[in-house]
Amino acid sequence: MSRPLVRVLGQGVRWASSLRGGGSAFPGLVMEKLHPGFVAEELAKLPLGVVVISGTNGKTTTTKMTVQLLRSQGLRVFTNRTGSNFVRGVAASLLAEMDAFGRLVADVAVLELDEAHAVHFVKQVRPRISLLLNVMRDQLDRFGEIDTTRRMLSQVARATTGTIVLNREDPRIASLAQDVTEDTAVSWFGLSDALRPMFPSDDDMRDGLRQVDPGAQDSDVPSARRPDADVVLEAVNARSVELDVRGRKHDATVDLYGVYNQYNAAAALATSLQVLGDAADVPSLVAELGEVTPAFGRGETITVQDKPLQLLLVKNPAGFRLSLASASAQDYATMIAINDQYADGRDVSWLWDVDFDALRDGGVDMVSGVRAWDMALRLDYDLVRVATVEPDLEDALRRFIADSGERPMRIFCTYTAMLSLRRILGDMTHVAAI
Amino acid sequence: MAHDTAGALRIVQLYPRDMNIYGDWGNTLTLKRRAERRGLETEIVDYNPGDPWPENADLFVGGGGQDSGQFRVADDLAVVAPRLHEAVARGVPMLAICGLYQLFGHSFRTGTGETLSGIGIFDLETVAGPERLIGNIVTESADLGTIVGYENHSGLTHLGAGQQPLASVVSGAGNNGQDATEGARTANVLGSYLHGSLLPKNPRVADFLLAAALELRGETLPEGELDDTLAQRARDVAASRPR
Ligand SMILES: [Zn+2]
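Residues numbered from 1 in each chain as written. Chains lettered and ligands numbered in written order. Predicted model: local features only at pLDDT ≥ 70, side-chain atom pairs only at ≥ 80, totals over all residues. Heavy atoms only, no water.

(A) Region of the structure containing the overall build of chain B. Along its length, chain B carries 5 helices and 13 strands. On C-alpha atoms alone, chain B measures out to a radius of gyration of 17 Å, which is about the 18 Å that the 2.2 N^0.38 rule sets for 243 residues. Per-residue burial over chain B gives 61% buried out of 243 residues. Partitioning the contacts of chain B with sequence separation of at least 6, the portion at a separation of at least 24 is 68%. When the accessible surface of chain B is totalled, it reaches about 9,200 Å², and 48% of it is carbon and sulfur. Side-chain charges in chain B split into 20 positive and 31 negative, and the spacing between the mean points of these groups amounts to 5 Å. (Helix = DSSP H or I, 4+ residues; strand = E, 2+ residues; numbered from the N terminus. Rg over C-alpha atoms; globule rule 2.2 N^0.38 Å. Buried < 20%, exposed > 50% of the residue type's maximum accessible area, 1.4 Å probe, protein only. Contact = heavy atoms within 4.5 Å. Areas by Shrake-Rupley, 256 points an atom, 1.4 Å probe, with all protein chains shown as cover. Lys, Arg positive; Asp, Glu negative; His and termini not counted. Charge placed at Lys NZ, Arg CZ, Asp CG, Glu CD.)

(B) Structural context of the environment of R217 of chain B. All names here are of chain B. Tracing the backbone through its elements, the reader meets R217 in the loop between α4 (203–216) and α5 (229–240). In this structure the side chain of R217 is engaged in a polar contact, spanning 2.8 Å, whose partner is the backbone oxygen of G7. Reaching out from R217, the side chain makes a polar contact with the backbone oxygen of A8 at a distance of 3.3 Å. (Polar contact = N/O pair within 3.5 Å; in protein donor to acceptor, adjacent residues only side chain to side chain.)

(C) Here's a closer look at the sheet that holds strand β7 (residues 231–237) of chain A. All names here are of chain A. Read across the sheet, 9 strands follow the order β2-β3-β1-β4-β5-β6-β7-β8-β9 without closing on themselves; strand pairing throughout is mixed. Every other strand in the sheet has two partners, leaving β2 (77–79) and β9 (248–253) as the edge strands with one partner each. The average undirected angle you get between the axes of adjacent strands in this sheet is 20°. Pairing geometry for strand β1 (residues 50–54) and strand β3 (residues 108–112), over 4 bridges, is parallel. (Pairing = 2+ DSSP bridges. Axes fitted to C-alpha atoms, helices over the stretch in contact; angles between N-to-C directions.)

(D) The arrangement of the packing of helix α6 (residues 115–124) of chain A against helix α8 (residues 146–159) of chain A in detail. All names here are of chain A. Across the interface, α6 lies against α8 with an axial gap of 9 Å and an inter-helix angle of 30°. On the basis of the axis angle, α6 is roughly parallel to α8. Once α6 is placed against α8, the crossing between them reads as left-handed. Within the contact between the two elements, α6 uses E115, A116, A118, V119, V122 and K123 and α8 uses T149, M152, L153, Q155, V156 and A159. Residue composition of the contact of α6 with α8, by class: 8 nonpolar, 2 polar and 2 charged. (Parallel < 35°, antiparallel > 145°, perpendicular 65-115°, else oblique. Left-handed = near helix turned anticlockwise from the far one by under 90°. Nonpolar A, V, L, I, M, F, W, Y, C, P; charged D, E, K, R; others polar.)

(E) The arrangement of the sheet that holds strand β3 (residues 59–62) of chain B in detail. Residues and elements named next belong to chain B. Here 6 strands make up an open sheet; going across it, the order is β2-β1-β3-β4-β12-β11 and the pairing mixed. Each of the sheet's edge strands pairs with one partner strand only, and the pair in question is β2 (42–47) and β11 (184–186). Strand-to-strand, the axes of this sheet are offset by a mean angle of 15°, without reference to chain direction. Across the face of the sheet, helix α2 (residues 67–90) comes into contact with β1 (9–14), β2, β3, β4 (94–97) and β12 (189–192) while running at roughly 140° to β4.

(F) Structural context of the coordination of the zinc ion. All names here are of chain B. Binding of the zinc ion to the protein goes through C98 (SG), N152 (O) and H195 (NE2), at separations of 2.1 to 2.6 Å. Of note, the zinc ion draws all its donor residues from one chain, in the sequence arrangement C-x53-N-x42-H. Taken together, the positions of C98 in helix α3 (residues 98–103) and H195 in strand β13 (residues 194–195) put the pair 97 residues apart, joining distant regions of the chain. Accessibility expressed as a relative area gives 8% for C98, which makes it buried. On the accessibility criterion, H195 (1% relative accessible area) is buried. (Donors = N, O, S within 2.8 Å, 3.2 Å for Na, K, Ca; no water.)

(G) Representation of the pattern of salt bridges. All chains considered together, the criterion is met by 32 salt bridges over all chains. Between K45 of chain A and E42 of chain A there is a salt bridge; the shortest N-O distance is 3.0 Å. K45 of chain A sits in the exposed class, given a relative accessible area of 55%. Measuring nitrogen to oxygen at the nearest pair gives 3.0 Å for the salt bridge that ties E43 of chain B to R10 of chain B. You can see E43 of chain B sitting in strand β2 and its partner R10 of chain B sitting in strand β1, a full 33 residues away along the chain. (Salt bridge = Lys/Arg side-chain N within 4 Å of Asp/Glu carboxyl O.)

Structure representation (structure tokens):
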């Protein structure tokens, strides 16, 4: 089948499937069937190549930030913003972005891919730059083992033609530097020694009683013996951060919930520097970080009955712990909603790997979701007081809002619980479309 | 608390650095809290490869790991095996989940074809299977009642002729997906593939371990039922969920 016809067909399918509200990957699937290699061919034409962002935590936020940073420097950026991160999803996004002549009008592609899909993708499209964020206990019931996840990311690193951007503080990610040939450059982002204890790795997590004292990690390697990082998150103070960019200090605002998101900002900045090369204007990139707003479920604030409510997606122990450490419990009315649908992960064992001591002072106002009783049991064994357990999300949400008084609200929730809560909130107030 | 002679209840975590995954910490925490809520003091001691052997342990707990962790642990287990066998013979209670359960058997052949030697507390052998057995599981034990949890393992375990299983499978895969057995039990040593964690949602199993530990000290588990409403509700939900 000839090329233009394939494209027109694909775009037609996309139009038809959007009419009946079909999945965003569907037209991409048709495209790949008709013309395998379509995605690779299109992306290969981009002058600044393809950037792949992968890892277990923070992909969506980091991709969003990277795209915004690059656009602020005048680049035309193609990204897979629909969140369907299969090759097909990329194909579908491509179709949506093409002009009437079938050209992709972009300088660079920045793509969020989860580990398993990234492996598949890089066999077809070799990235120029890959940003590899972390390997945490996420979706282990799907991928099996953390070391398997690391192996997947190693394949991504080895397929990268230009530079891999690595998290210096994650031992499994840092070791990827040894997997690539000399032709592939390595750029690091990292944390100051003062901040490292705020990010315990999974390996440190249950190493006995060390859990109560994350600062006392004997596995710590002093910064002098770690590689130099292009971007170091030096200090955080609520919304403001201090960054060291190639030896120069910069103050920036990163108005996102949680210190882990501020670390993601450092990752996005390090990656942008690689994409832009000598053209990078560091002060203006740092300033642009202040303009970033949260991605879906990453701390977006919804106003309901004149009170702010934050939805915080939790999907693995490290993310949950960081989220808890980011704000004082007494300042919030707190609800936790845990579902165990496929998209959440069927296995809720990971809740036992989260340390909930931070909630002991403030307690938890409401626990909900399919696995509400599991969550309540978990909190009970961490001596955290729970006011109410109500598995039904709608009943729980209404009661939580009514009982929260003047306190701002935050809800830690798994993926499908968040979708349901947003839908319920949508009936009460205006909630931005996903 | 009247334990002047024996001191606090000493819970040894075996290999927490290499073998604790899928919430295995919850087992240790459950033992600790259930002891504390009955007025017993507890002490948690970590044992990692090469550490001095913790003397006077009242209870051992160990969890699952990845293959890489199991290799590190297998060598060390061979060294401390005589001490563990001695403890088993005295009736010291132990809970070995997943990876440690496998190493408490005779051998484990990994997916890459290497064979790890176990220490033979249980008469069983494990071979990595073609696919992981993953999902919610419900089992029934004659001694310990219904046990619910979440299994996640690629090892297929076959019990020797005389080896008692921990429980029989009601729904789920269990030791090998074939013979409807789950786990193993020898003296007061329980081996199981159930994570979840196992003990929080199975208080009867937790109390069995605690009672066995106290019995060796000439004590009994203090009277006064704990309120297990939360655990019971969580069990009911877990048992009703799709695999
Ligand atoms: Zn396991």
